[in-house]
Structures are given as C-alpha cells and as structure tokens.
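Letter by letter, the chains look like this.
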Amino acid sequence: MSETHAQTVAFVRDTMLAPEPPPVAESGAVKWLRENLFSGPVNTVLTLLGVAIIWFLVSHFWDWFAHSVWNASSLNECRQIIIETWGEGARGACFAVIRERWNQYMFGFYPSALYWRPTMAFGLMFVALAPVLFSESLKIRRTVLVVTAVVTLWAMVQLNAPGAWLVFAAIVLVGGLAISERHVSWLLIFSVLYPLLGVWFLWGGSLWGPIMVLVGPLLGWAAWTLVGRFSALLATVAAIVVTLLWWLMFASRAAADAEGLLSLAIPFVRSDQFGGFLLAITIGVAGIALSLPLGIILALARRSDMFLIKSMAVIFIEFIRGVPLIALLFVASLLLNYFLPPSTNFDIILRVIIMVTLFSAAYMAEVIRGGLAALPRGQYEAADALGLDYWKAQRLIVLPQALKISIPGIVSTFIGMFKDTTLVTFVGLYEPLKSMSDAVRANIAWKGIYWEPFIFVGFIFFIICFGMSRYSMYLERRLRRDHR
Amino acid sequence: MSEAITREIDRSQMRISDEVAIEIHKMNKWYGTFHVLRDIDLTVHRGERIVIAGPSGSGKSTLIRCINRLEEHQSGRIVVDGVELTSDIKNIDKVRSEVGMVFQHFNLFPHLTVLENCTLAPIWVRKVPRKQAEATAMKYLEKVKIPEQADKYPGQLSGGQQQRVAIARSLCMQPRIMLFDEPTSALDPEMIKEVLDTMIELAEEGMTMICVTHEMGFAQAVANRVIFMDQGQIVEQNSPREFFNNPKSERTKLFLSQILGH
C-alpha cells in the first residue's frame, strides 16, 4: 500500500520537449529491398518470378534489337547485312524501313515539295499552345519555345522551305518567344487565330477563305452589340444567326470575290493526299480542341434544370456512347453522301473530325459531369449568395474546380481519342499504323516487313500519349491548392 | 455559459430605426410533402440583431435561407429592402447583392486566394474596378484581422480564419443585411471566440443581422431579440433578458434547460 499510484499523482511539465529527428533506420538500399521486394515468402516468390519473366523476354528479343540494321534500301539487303555481320541464322530488326520511308510515315502522300508547310504549322502550334498550357511558368514556356523555334527552322531549311516563309516562321517563333517573356496574355490572340492559319497551311488555297470565316464572328459581335441595346436574349440569338448565315450563304462567295481582286493563294492540297502522322495529329489535335468545349456544354446541359435541354443531352450522350466509333466513321464516309446533295464536296477529313469530336465529347461530358457532381453544394450556394448569375458562377467557381478534379479523366479521354484516330483506316484514310504500313509493304522492296513499322508507329504514339499523361500530372501538381 | 464573450459591448452605434429591412408574411414552405416552415410572420427593422434558436430540424436555417432565396418558399410574402422575392431573377439578384450570408462550413472558393475570394463578387457582380475592389477587400481583411493571409489559399488557414475570411467576403459586397447560418458550429472552442468577436464588431457598427446560432452567450450580449423555433414555427420571441430568465412556453423552457442545464 505504500507504492504511489502513478495514475493519480499530479504532474506538471516544467519544460516543453524540443522536437527530435526520427531514429536512424538501417541504411537505404538494403532496407528498401527488404521492404519492397522480399518482405515475406509470397512476395519473394513473386519477385523471383517477375525477374524470370523479364529475363525470358529480354533474352528472347535482345539479339533481334541488338542486330538491327538502320541503313538499307530493301528487306533483302537488311537480311544480307545481318547474315554478313552476325553469321548464318542470326536474327535482326530492319529499322532501315523507317529511315527510308520516314517522310511517308510523317506526311503520307502530301506533295514532297510542300512538306515544309505542315512542318511549319506543327511548329507554330506550340507558339499557340504555350500561353494556354504553360500560362504560369515562364521557364517552361521559354524552354518549349526555344526548342520549337530551333527545331522548326532547322526542319524547314532541311525541307527546302522558300525564303519568305522561313522569314515568316522565324518572325512568329521569335516574336512569340519575346511576347511570352513580357505579356503572355497577348499571345492568346495568336492562339485564337492559329486554327485558321493552321488549316490554311495544311490545305492551302486562298487565305481569303479563313479570313472570311473569321469575319462571321465579327459580324455576329456587331449584331450582338446592336441588338444588345434592346434585349440580351435577342442579342445572343441575333449573333448566332448572323454568324451562321454569313458562313453558310456568303463566306465562300466573298472569299472568291476577294481572291479575284487580290490573290492570296498558296498551292492547294487535297484531303486524300494527307496521311501518316500528319493525318493522325491533324485529326487528334482538332478533336481534342473541339471535344473539350463541347463536352463541357454537354455536361452542363445534362445537369440542367430545363427538361428539354437535359433530355437532349442525355439522348445524345447515351446514343453516341452506345455506338462503336467505327460505325460513326462509316456514317461519315458513306451515309452522309446519300443524304447530302450530289454536288456537295464535304471534305472527308472534316467529316471524320466531326465524328471523332462528337464521339469523344460524349465521353468527355460524362467525365466532366463526375467533376461537377464532386463539388460540394456549398460552392453553388456561396456563388448564389454573392449574387453571381448562372454563367458567371459556372465560369468562375464551378468549372475551374470541376475541370481540375476531372483532369485525369479528361486526359484519358484525349489519349483514347488520339489512339482511335488509327481507326480512320476503315474509311480509306492513310493513318500511320495500318494503311501506311500496308502502303509501305506494297512495295516489293519491303514486302514481308511487319514488326518494325508497328514498333516504330507504336513508339511515336507512346511518346505523344506519354507526353499528354505527364502534362496532366504536371497540371494537377500545379493546381494543387491545399498544401502549399 | 458565455465564456466566449469577454469584453464590454459598445452600444453607442446600435440603433434600431423604424425602417423595415425584412418583412415576412404568412410564409410557408414544404420539402416535398414535409411542411418545414409554417405561417412564418417576422418583421425585421434596420439595425436589429436577431438570434434564432431552436432544436435541430426546427427550420431555423431554412428560414434564413429563404431570405436570400437559396430556398424557395411556396406561399406567403418575403420582402427584403422593399423588393419582394418572387421567381423573378432580377429581384433575386438584387436581393442577393444586398444581403450577405455566412455559412456553417464557410464555403470559401478553394481555388482562389483569400484576396480573390473577397474581390470576385465586387468585380463580377458590382463591376468595381480591380484596384478598388482589392483596396476594399484589404480594408475588410484588416477589419477581421487577417490582412497578412491575403495571398494564401483557404486550405492553408485554420477554421476560425476561414470563417473570418467568409465574413470579409460578404462584407466586400457592402451588404445592408447579414445572415449567419450557424457560423461557429463547425469550429473548435478556441476559434469560436475570434469569429464571435468579429460578429460583435459588426453589431457595434449597427449592421442588421440575423444569426442562427447555439451561442447563447452571444445572444444575451448582442441580440435585441431572440426567436425560438420548433417544428417549423416561431414558438416564442422576446428580448434576450426575458427569453432566458422568464421563458413563457413549455417547449422553450425544455430547450433552455437542455442547452443551459449543465
């Protein structure tokens, strides 16, 4: 009974304890191995099995890669070289086909004298994208734009671009870099104009075409300000009607007339001459740029209180998601011809872009709807209580947060769509994976070459998709607001 | 029971005028078939500080959410600052820009800095130039004593700080009426005081306030009228002194004995 009862003894701390470093664990590598690879019998067995599988794969394919030939003009020559170098019975990859058919894989049947045009369009695309993708980081923008400028100009020189266009490209590239250093938001004007410029560079024809397309929204804006004095709703309707009327009825005639007065034409390239990665990237970039806004609108419509708008969005989304992309592409290539007047020349690439856009917009809408649903109701209420109207609340409060939540899903949809561009092979377009490789094999010199083109095309697709994935992770990190 | 209120209240600016700020007449609201608010009659004069108390589910929050139309009422009239709340969007927007609201869970915009939270509505709703909106925002952030946090994001602040930002955000719209929906219920005891202090300061400046709160110390010190609600009805309303010392209805007595009993 004489012991003190520890629980009941009063205690007052007179000095507070200073924080101390955690105990030093066993040294790094050994600890890591034990914890991650050999933590128990099952884990050890799995590790050994994994190592065995990797060994099996590498030992099987290693010699094929190691013996690869990069310089030859036909498959037979490749085989000859492999046998001469590595002896009878040796296997080896013949990547010479990529070296020899590089331009074909990149540009398809685009006129070779004009290869510089898509190259320039591709380079300038980064000037248009930089202020959008890297609006917050001057350092990244600078790196991207410097690399783009150097590579684009070098490639254009290699492809014998005319001097005047070299100067033009240099001005835009260097000018873009300079503007990005000081007033990055000014560069957004170029981002808005780029789609028209890009289309003009790719297909050629008269510059008056894109200019007259641009006139449409300007007229719409004029109508909006004029009618806006009377009624906000009427003004919106007037703007849309005026723009569409101009595009459908007057734009092409006005372009033709203007071209007659002052010719601004460069050689025209038909859509069936497009091919390879030029085609895949054209469809992919256009689809990505168009499907995000369309997806946002569909997602908002699906959550709308208005019954008609909501039902239309639901029907559209469910229909598009329920149909295979190939079916939509067939509709684009075959059925539309039955419905349109015989003389209309509705460009096949444009038709495919529309279908691909609608397809991925439906998926996009569901991804974004998930983000919208994840926002707490309090955010909507706070926006309401402050007096923000529906569109302002969506733009300033709801969408920035919902899109941030949806970034992984959005980028997954982009990646999926970009890979799906290879399906246009079924409507007779020369996408790189199948059509282009078939075209290459059609030549007697490369008959029988299968693995190498697939590996090459897959590798390029991987680089682009991996790039998108890394960008999405960068964006998520940048937008993280809770712990900084 | 009023540990949170430690200082003397300066009543020199607290004046209740004859002007009517809010008038609610025979207002009813249903959630589906559930009758949440029943025949509510309430007149609030400019400068009044009203505390609404009552058990959970009694309709207190719903009542003040009806005043800026976060909830729609189905019958009766609500007139705020001379504007009747109907389904007319223009009236709703007019009322909302005059009535500030502070929520239980703050509802700050997590993707914007504290300063941006405060300037957003003035810039986009009131069309105040950015510079001026920022100056006003800093003034109110100083008032709630966190000007140094202006460039942080809400997620980096404590609950009490966030709630003070939420109050500053509402004040930036320079509202004539402030609604508080259980502003301290989600806070730790240590942080309740800082938020209540801010609210007391507002009351001292003569702001018209309606607070749904369980802080009876605040009610006694600041309110000029306490309203007790139960089952969607106003059961009793009186001056705080009468309300706490001499409750009339049995339901009020029971409620007071439960929250003040221990």
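Residues numbered from 1 in each chain as written. Chains lettered and ligands numbered in written order. Predicted model: local features only at pLDDT ≥ 70, side-chain atom pairs only at ≥ 80, totals over all residues. Heavy atoms only, no water.

Going by an unreviewed UniProt entry, chain B carries the name Amino acid ABC transporter ATP-binding protein and comes from Paracoccus siganidrum. According to the UniProt record, the Sequence similarities (unreviewed entry) comment for chain B is "Belongs to the ABC transporter superfamily." (UniProt positions renumbered as here; feature names shortened; annotations may be inferred.)

The name recorded for chain A in an unreviewed UniProt entry is Amino acid ABC transporter permease, from Paracoccus siganidrum. In its Sequence similarities (unreviewed entry) section, the UniProt record describing chain A reads: "Belongs to the binding-protein-dependent transport system permease family. HisMQ subfamily."

(A) A look at the domain arrangement of chain A. Residue and element names in this part refer to chain A. One can read the domain layout of chain A as domain 1 (48–100) and domain 2 (276–484). A separation of 37 Å is found between the C-alpha centroids of domain 1 and domain 2. Residue-level contacts link 14 residues of domain 1 with 10 residues of domain 2. Three residues stand out in domain 1 for area buried against domain 2, namely L75, V97 and I98, and they jointly supply 52% of the buried area on that side. Taken together, the links from domain 1 to domain 2 amount to 0 salt bridges. One can count 3 residue pairs in polar contact (both at pLDDT 80 or more) joining domain 1 with domain 2. Counting only elements with at least two residues in the side of domain 1 that touches domain 2, the list comes to α2 (41–66) and α4 (96–100). Considering each element in turn, the side of domain 1 that touches domain 2 owes the most residues, 4 residues, to α4. Looking at the side of domain 1 that touches domain 2 residue by residue, the class counts come to 10 nonpolar, 3 polar and 1 charged. (Domains from an automatic or database assignment. Contact = heavy atoms within 4.5 Å. Buried area = accessible area lost by both parts, 1.4 Å probe. Salt bridge = Lys/Arg side-chain N within 4 Å of Asp/Glu carboxyl O. Polar contact = N/O pair within 3.5 Å; in protein donor to acceptor, adjacent residues only side chain to side chain. Helix = DSSP H or I, 4+ residues; strand = E, 2+ residues; numbered from the N terminus. Nonpolar A, V, L, I, M, F, W, Y, C, P; charged D, E, K, R; others polar.)

(B) Quick look at the sheet that holds strand β2 (residues 34–45) of chain B. Residues and elements named next belong to chain B. Sheet architecture is open: 4 strands sit in the order β2-β1-β4-β5, paired in antiparallel fashion. In the strand order of this sheet, the two ends are held by β2 and β5 (83–84), each with one partner. As defined by bridge partners, strand β4 (residues 75–80) adjoins β5 across 2 bridges and the pair is classed as antiparallel. Bridging from a neighbouring strand, V79 pairs with E84 of β5. Packing against the sheet, helix α1 (residues 60–67) makes contact with β1 (20–31), β2 and β4, and its axis sits at approximately 120 degrees to β1. (Pairing = 2+ DSSP bridges. Axes fitted to C-alpha atoms, helices over the stretch in contact; angles between N-to-C directions.)

(C) Spatial organisation of the nonpolar core. Core analysis: the largest hydrophobic core is formed by 151 residues, its most contacted members being F274(A), I349(A), V352(A), I22(B), I24(B), I52(B) and V80(B). There are two domains that each give this core at least three residues, and those are domain 1 (48–100) and domain 2 (276–484) of chain A. Those residues within four positions of F274(A) in sequence are excluded, and the remaining contacts are F107(A), Y110(A), L202(A), W203(A), V269(A), L279(A), I349(A) and Y430(A). Membership of the second largest hydrophobic core comes to 49 residues, among which are L141(B), M209(B), F218(B) and F255(B). (Core = buried A, V, L, I, M, F, W, Y, C linked by side-chain atoms within 4.5 Å. Buried < 20%, exposed > 50% of the residue type's maximum accessible area, 1.4 Å probe, protein only.)

(D) Up close: the interface of chain A and chain B. Facing the 20 residues of chain A at the interface are 24 residues of chain B. Buried surface at the junction of chain A and chain B, both sides included, amounts to about 2100 Å², of which 60% is carbon and sulfur. Ranking the residues of chain A by area buried against chain B places A385(A), L386(A) and R481(A) at the top, with a combined share of 30%. Across the chain A-chain B interface, the total number found is 2 salt bridges. When the shortest N-O distance is used, the salt bridge between R65(B) and E381(A) registers 2.6 Å. At the surface where chain A touches chain B, the tally comes to 6 residue pairs in polar contact (both at pLDDT 80 or more). Of all the elements, helix α16 (residues 377–385) of chain A adds the most residues to the side of chain A that touches chain B, at 8 residues.

(E) Representation of the packing of helix α3 (residues 114–124) of chain B against helix α4 (residues 130–143) of chain B in the model. All names here are of chain B. Two elements in contact, α3 and α4, have axes whose closest approach is 9 Å; the angle formed by their N-to-C orientations is 125 degrees. Between α3 and α4, the angle falls in the class oblique. For the pair α3 and α4, the sense of crossing is right-handed. For the pair formed by α3 and α4, the contact residues are V114, L115, C118, T119, P122 and I123 on the first element and R130, A133, E134, A137, M138 and L141 on the second. Across the contact of α3 with α4, the residue classes tally to 9 nonpolar, 1 polar and 2 charged. (Parallel < 35°, antiparallel > 145°, perpendicular 65-115°, else oblique. Left-handed = near helix turned anticlockwise from the far one by under 90°.)

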